[in-house]
Amino acid sequence: MSVIKQHIVDLSAYKPPLEGRNPQAFTLLDFNERTTPVGHMIKQALHDYIDAGRLQMYPSYGDIAKRLADYSSVCEDQLMITNGSDQGIDLVFRAVSQSNSEAIIPSPSFAMYHQCAKVEAMSIVEPEYTPENGYPLNEVLSSITPNTKIIVVSNPNNPCGTLVSADAISVLAKAAPHAAILVDECYFEYSRETAVSLVNALPNLFITRTFSKTWGLPSLRFGYLISSPENITALCNVRGPYDVNQLAVVAAMAALDNPEYTKEYVDEVMLQSKPILEQWLDGQGIEYWPSRANYLWCFPDNPGQVESFLREQGFLVRPKSYQQKMGLRITVGTCEQTERLITVWGQFVQ
Ligand SMILES: Cc1ncc(COP(=O)(O)O)c(C=O)c1O
């Protein structure tokens, strides 16, 4: 008999398909990552830190929280740094769950929410997103019970790119004052929409963000969480003092000092490259969900064959199903990458 809690033994790990993701062999359009390397100044800052001979020291984070608070227009005591936004998400689930508690996780969505809820043995309620109505607000509202401890708003949602308005988030938070409203703003720099202005008024609001996407640093694992000062103090009791890697902080500081590289990339992806892909999909009659992020979830005929064909031609995209129907989630990269993608895809013979 295992000494580990049975429900944890029975879980299956979240294992993203990382095998064979060689950036020399493929254009990686499968993980919603930035598709170009980060700027020289970030690599230089990392080199400088290592050359300064400080690797043997425990991390010391300096004024990173203040810098992020300024960037996010909140007070420093309303923010904490985390090891990727995955850690922020996990902290909130761990801090709010109790026996017999419920999580409302509209589906389909990012796998980590389920993982965290299951580790905490929460029951999961999953109202469904639809292409027509987006976030199932009314169903979420009617699913709230006294046992609801967390309601997830993935904003914009992965894989469909749907965005929820700040007004709707406020309605949810007021309808369930006994539950955490977890607003995942992983793709904030793409959508430019945020619930930050609600934090002062809503004590049950938790916002997670990351440097993994637009900032291009997923390998270093750096994120942050915004909430009321009381919530931040409590969550810091759960997070370890050194959970965030010092090199991640060095890179994030350099990124904040040089935000243009992110802005230029976001502008190219959202204002030029994504419209090119959307127009091409429209022309082919391939349906896709309206998306406010750097990815499009589309539903070609023969998605499996399209995915294999694109792979053979050097493009990785991500199969994701909806109601038994397979779709392909495609990360939008630069204009040049999108042009190459559609040229290659256009050669696919069904
Ligand atoms: C919606 C969403 N939230 C969070 C994450 C995790 O981000 P991080 O690398 O900051 O842990 C992802 C990663 O794909 C995501 O799509």
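Residues numbered from 1 in each chain as written. Predicted model: local features only at pLDDT ≥ 70, side-chain atom pairs only at ≥ 80, totals over all residues. Heavy atoms only, no water.

> Give me the lowdown on the pairing of strand β5 (residues 148-154), citing residues and values where you can.
Counting buried positions over the seven residues of β5 gives seven, a clear majority of the element. In terms of strand pairing, strand β3 (residues 102-104) meets β5 through three bridges, oriented parallel. Residue pairing across strands places E102 opposite T148, the latter belonging to β5. Relative to strand β6 (residues 180-184), β5 runs parallel, the two being bridged by five bridges. What sits directly across from I151, in β6, is I181. As a crossover connection, the stretch from β5 through helix α7 (residues 166-175) into β6 is right-handed. (Buried < 20%, exposed > 50% of the residue type's maximum accessible area, 1.4 Å probe, protein only. Helix = DSSP H or I, 4+ residues; strand = E, 2+ residues; numbered from the N terminus. Pairing = 2+ DSSP bridges. Right-handed = clockwise from strand over helix to strand, strands pointing away.)

> Tell me about the site of the ligand, residues and numbers included.
Surveying the vicinity of the ligand reveals 14 residues, the closest of which are S85, D184, T210, S212 and R221. For the ligand, an oxygen atom lies 2.9 Å from a polar atom in the backbone of D86. In the environment of the ligand, a nitrogen atom lies 2.5 Å from a nitrogen or oxygen atom belonging to the side chain of D184. Contact with the protein chains covers 92% of the free accessible surface of the ligand, which is 400 Å². Its residues placed into classes, the shell around the ligand shows four nonpolar, six polar and four charged. (Near = heavy atom within 4 Å. Polar contact = N/O pair within 3.5 Å; in protein donor to acceptor, adjacent residues only side chain to side chain. Areas by Shrake-Rupley, 256 points an atom, 1.4 Å probe, with all protein chains shown as cover. Nonpolar A, V, L, I, M, F, W, Y, C, P; charged D, E, K, R; others polar.)

> Any chance you could break down the packing of aromatic side chains for me, citing the residues and the numbers?
In the structure shown here, the tally under the stated rule is 16 aromatic pairs. For the ring pair W280 and W345, a centre distance of 5.0 Å and an interplane angle of 50 degrees mean the geometry is tilted. Of this pair, W280 sits in helix α11 (residues 260-284) while W345 sits in helix α13 (residues 335-346); the two residues are 65 residues apart in sequence, bridging distant segments of the chain. Judged by relative accessible area, which is 15%, W280 ranks as buried. On the basis of relative accessible area, W345 is assigned to the buried category, the value being 5%. The structure contains a cluster of three or more aromatic residues connected by ring pairs, namely Y71, F211, W215, F222, Y224 and Y261. Sitting over the face of the ring of Y265, R34 holds its NZ or CZ atom 4.5 Å from the ring centroid. A cation over a ring is seen here: R209 above F188, with NZ or CZ 3.8 Å from the ring centre. (Phe/Tyr/Trp six-rings, centres within 6.5 Å; stacked < 30°, edge-to-face > 60°. Lys NZ or Arg CZ within 6 Å of the ring centre and 35° of its normal.)

> Now, about the sheet that holds β3: what can you tell me, with residues and values included?
Spatially, the seven strands line up as an open sheet ordered β2-β8-β7-β6-β5-β3-β4, and their pairing is mixed. Strand pairing shows two members of the sheet lacking a second neighbour, β2 (79-82) and β4 (123-125), which therefore form its edges. In this sheet, neighbouring strand axes are inclined to one another by 20 degrees on average, regardless of whether the strands run parallel or antiparallel. Sitting on the sheet, helix α5 (residues 111-119) touches β3, β4, β5 and β6, and the angle it makes with β4 is about 145 degrees. (Axes fitted to C-alpha atoms, helices over the stretch in contact; angles between N-to-C directions. Contact = heavy atoms within 4.5 Å.)

> Tell me about the environment of I226, and please be specific about residues and values.
Inspection of the secondary structure puts I226 in strand β8 (residues 223-226). With a relative accessible area of 0%, I226 lands in the buried category. Here the alpha-carbon distance between I226 and L205, two residues 21 residues apart in the chain, equals 8.4 Å. Excluding residues that lie within four positions of it along the chain, I226 makes contacts with S72, V74, Q78, L79, V196, V199, L205, F206, I207 and I232.

> Quick rundown of a negative patch on the surface? Include the residues and the values.
On the surface, D63, E76, D77 and E230 cluster together into a negatively charged patch. Considering the arrangement of structural elements, one finds D63 in the loop between α2 (40-51) and α3 (64-72). For D63, a relative accessible area of 39% gives the class partly exposed. (Patch = residues over 30% accessible without salt bridge, like charges linked within 9 Å, V, L, I, M, F, W, Y side chains within 5 Å. Salt bridge = Lys/Arg side-chain N within 4 Å of Asp/Glu carboxyl O. Lys, Arg positive; Asp, Glu negative; His and termini not counted. Charge placed at Lys NZ, Arg CZ, Asp CG, Glu CD.)

> Describe the sheet that holds strand β13 (residues 325-331), with residues and values.
Sheet strands pair by backbone hydrogen bonding; their relative direction is either parallel or antiparallel. Taken in spatial order, the four strands of this open sheet run β9-β10-β13-β12, and their pairing is antiparallel. Unpaired on one side and paired on the other, β9 (287-288) and β12 (318-322) mark the two borders of the sheet. Strand direction decides the pairing type here: β12 and β13, joined by five bridges, are antiparallel. Following the sheet pairing, K320 is matched in β13 by G327. Contacts between α11 and the sheet are confined to β9, β10 (295-299) and β13, with β10 contributing the most and set at about 10 degrees to the helix.

All quantities given are derived from atomic positions and should not be read as evidence of function.
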